[in-house]
Amino acid sequence: MFPSLYEGTSEEGHDEYYEVLTPNTHLNRRSIGAEDADVPVLPRVEEVGEPLPLLPRGTTLLPPAALMTVDLFEYPKTYKQAMASNEAPEWTGAMESEVCSLKKNDTWTLVQRPKNTPVIDCRWVYTKKFDEYGNLDKHKARYVAKGFRQIPGVNVGPTWAPVGMQTSIRVVLSLSANLDWEIVNMDVDTAFLYAPVEELIYIEQPEGFVEKGPKGEDLVCKLNKSLYGLKQSPRNWNKVIDSWFKENGFAVSEADPCLYFKTIVEFNSNKIILVLLYVDDLIICGDSRREIDKFKSAISKRFNMKDLGDLTRILGMEIKRDRRARTLEVTQQTYTETMLRRFGMEDSKPIGSPAEGTLTRDPNAGPDREYMCLVGSLLYAAMVTRPDIAFSVQALGRHMQASNSSHFAAGKRILRYLKGTKHLGLKYGPKPKNETTAIVGYSDSDWASDKDTRRSVTAYVYTLGGAAVSWSSRLQPTVALSSSESEYMAVASATQEAIHLRRLLGSLGFNQGNPTVLYCDNQGAIAMADNPIMHKRTKHIDIRHHFIREVVSRGEVELRYIPTGDQIADLLTKALPRATVQRHRSILLGH
């Protein structure tokens, strides 16, 4: 299951499609998204690499798994539309299959309609599943609760639940490629239906499948299990699967609550198995096929699992692996081609760089839905496999509330750039043994580059096993008074990520014995980090940025100077010429 395209309904009763991207560790754990239909929060896309907020109703983002060859809005929005369509038999079969699954899992008990107790409305959500070649696989219907009508303290409690981080996925794939581990993929079928509900919740019966009592009385469903659309469903499911992992001897990474690992003694040697959980998708890897098969057998006894074999596709990413050469490439070619078709750019002329010049605010402009669609679609690629467009996309994101034709043209330029490089992705391995598990960082900034606010752009990149595993490009929160100050702030941000990556690798048994090398192209910033000096040009710098001195003194991070021409993070701070883009991109992507 890939929870990216869901249909929501506003409280006023107007049916609307809206879509939610899924790189966000906070967003994806929410079920279906019906509860978000009345949360009109515009996305802050200035921070590529940071959590993606909710989108306003009506904002359309192409889902990463969109292999559709039909328009996204052709799916029925209501039960009546489905029954009036030419595909009514197919939709009926999909609904019957869903109802059968719900009853099989004892999801609810039919009871008489309670008095003075809220009954939550539900709706059918229709979609189509396509195979890896874009061919129609099946029609799918999901019965979804309108969670936005839940009442806190009455039928909903805590809702937060974790999701695997994109950085963790890339780290696991990099390690697997360089260490020649096995990588397989499994999926939990109807995952939420395994989780019991703690609150007393009543929902309406599915439209088209309404049953009456023995005397014709009105019946409703008293939930026994979590249902898609309920705000607490992701949390309930995570508690169930987390308990199962711990009961079966798995430990949890202290850096990612959805990364589980287990060490097994096999023939006088230690074997390791890692499992990364992304809602109901499991990436399983390790150095023993035997232990992986035992794990698959064990989890299949508890949950209804789909064994997808060796990992080839997940979350809109395509995985291409050469075991003999120990290389693994992660691309989004299908997703990119879908974007190009969506915005009519499939026949556009490719271009060698994603951006040129700078964009400025237009005080007379307003929000434009199509522009939001474009930025949101580009954002997922920038966050998952294409750090080379990270700066360009975050620059577009600054103008979500006020965009004009020049902003849209800048977005189409990125599409033209992707048209010529759609086959590119992150390519991990092979590296010398001592570099396989050692992270290397690059930090840079572009001082006062935003003409509207005069704030600087911060960027960092960390590579592991041949290509980038973590990156970020965003505006700094305050105005820097000098280039050294802006670089120092960028180094502080990069150091925070270094600590996280060291903790992530350390929890898996790959301790970073030496300091993490962080390259910076500003001697002044390096001097401020190495020496606790204080004078009139630095005394105003926020104390939170000075924590880097402590990290350096502890030997966790070592700052090194690198010439600007060799600083690959420069690609994430400003528009660069074609030749420079290609040179830095080859290092970022591992090509």
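Computed from a prediction, not measured in an experiment: that's the story for all the values here.

We now examine the overall build of the protein chain. Regarding its fold elements, the protein chain presents 13 helices and 23 strands. Evaluated residue by residue, the protein chain yields a buried proportion of 58% over its 591 residues. Roughly 24,000 Å² of accessible area belongs to the protein chain as shown, and the carbon and sulfur atoms make up 48% of that amount.

Below, the discussion takes up the environment of Val393. Among the secondary structure elements, Val393 is positioned in helix H8 (residues 390-397). When the C-alpha atoms of Val393 and Ala382 are compared, they prove to be 7.2 Å apart, with 11 residues separating the residues in sequence.

Ordered by their spatial adjacency, 4 strands build an open sheet running S15-S16-S17-S18, and the pairing between neighbours is antiparallel. Looking at which strands have only one partner, the edges of the open sheet turn out to be strand S15 (313-314) and strand S18 (425-428). Bridge count for strand S17 (residues 327-331) against S18 is 4 bridges, and the pairing is antiparallel. Bridge assignment links Glu329 to a residue of S18, and that residue is Lys427.

Further remarks concern the sheet that holds strand S21 (residues 467-475). Strand order in the open sheet formed by 5 strands is S21-S20-S19-S22-S23, with mixed pairing between adjacent strands. Each edge of the open sheet carries a strand with a single partner, namely S21 and strand S23 (557-561). The sheet shows a mean angle of 20° between the axes of neighbouring strands, taken without regard to direction. In this sheet, strand S20 (residues 457-464) lies alongside strand S19 (residues 440-446) in antiparallel orientation, the contact comprising 7 bridges. In the sheet register, Asp446 faces S20, and the bridge partner there is Val457. Against the sheet, helix H11 (residues 523-530) makes contact with strand S22 (516-520) and S23, and its axis sits at roughly 150° relative to S23, the strand it touches most.

On to the pairing of S22. Here S22 lies mainly inside the structure; 5 of its 5 residues are buried. Across 4 bridges, the pairing between S19 and S22 is parallel. The residue of S22 that forms the bridge with Gly441 is Leu518. Inspection of the sheet shows S22 paired to S23 by 5 bridges, in the parallel sense. Residue pairing for S23: Leu518 is matched across the bridge by Leu559.

Moving on, we get to the pattern of salt bridges. Overall, the coordinates contain 28 salt bridges when judged by the stated rule. Among the salt bridges present, the one from Glu318 reaches Arg313, with a minimum N-O distance of 3.5 Å. One connected set of salt bridges, linked through shared partners, spans Asp180, Glu182, Arg289, Asp310, Arg321 and Arg323.

Let us look at the nonpolar core. Residues Trp237, Leu282, Phe295 and Phe303 are the most contacted members of the largest nonpolar core, which totals 128 residues. Among the elements that make up this core, the one with the highest residue count is helix H7 (residues 369-384) (12 residues). Counting residues in hydrophobic clusters, the runner-up holds 25 residues, among them Trp124, Tyr126, Ile203 and Leu230.

Here His500 shows up in helix H10 (residues 483-507). Exposure remark for His500: the relative accessible area of 15% places this residue in the buried category. Those residues in contact with His500 that lie beyond four places of it in its chain are Met165 and Ala255.

Along the chain, the position of Gln332 falls in the loop between S17 and helix H6 (333-342). We classify Gln332 as buried; its relative accessible area is 2%. Those residues in contact with Gln332 that lie beyond four places of it in its chain are Gly316, Met317, Glu318, Tyr380, Ala381, Val384 and Thr385.

An ideal rise of 1.5 Å per residue puts 24 Å on 17 residues; helix H2 (residues 88-104) measures up with 24 Å between its terminal C-alpha atoms. Its buried side turned inward, H2 meets helix H1 (79-84), strand S3 (108-112), strand S5 (122-130) and strand S6 (136-145). Once H2 ends, the next one or two residues include Asp106, with phi positive near 55°.

This brings us to the confidence of the model for the protein chain. Low pLDDT means the predicted atomic positions in that stretch should not be read closely. Here the protein chain shows a mean pLDDT of 83. Residues at 70 or above account for 84%. Across residues 1-73, where pLDDT falls below 50, the model places 243 contacts with residues more than four positions away in sequence or in other chains.

What counts and how
- Residues numbered from 1 in each chain as written.
- Predicted model: local features only at pLDDT ≥ 70, side-chain atom pairs only at ≥ 80, totals over all residues.
- Heavy atoms only, no water.
- Helix = DSSP H or I, 4+ residues; strand = E, 2+ residues; numbered from the N terminus.
- Buried < 20%, exposed > 50% of the residue type's maximum accessible area, 1.4 Å probe, protein only.
- Areas by Shrake-Rupley, 256 points an atom, 1.4 Å probe, with all protein chains shown as cover.
- Pairing = 2+ DSSP bridges.
- Axes fitted to C-alpha atoms, helices over the stretch in contact; angles between N-to-C directions.
- Contact = heavy atoms within 4.5 Å.
- Salt bridge = Lys/Arg side-chain N within 4 Å of Asp/Glu carboxyl O.
- Core = buried A, V, L, I, M, F, W, Y, C linked by side-chain atoms within 4.5 Å.
- Expected span 1.5 Å × (residues − 1).
- pLDDT = per-residue confidence, 0-100.

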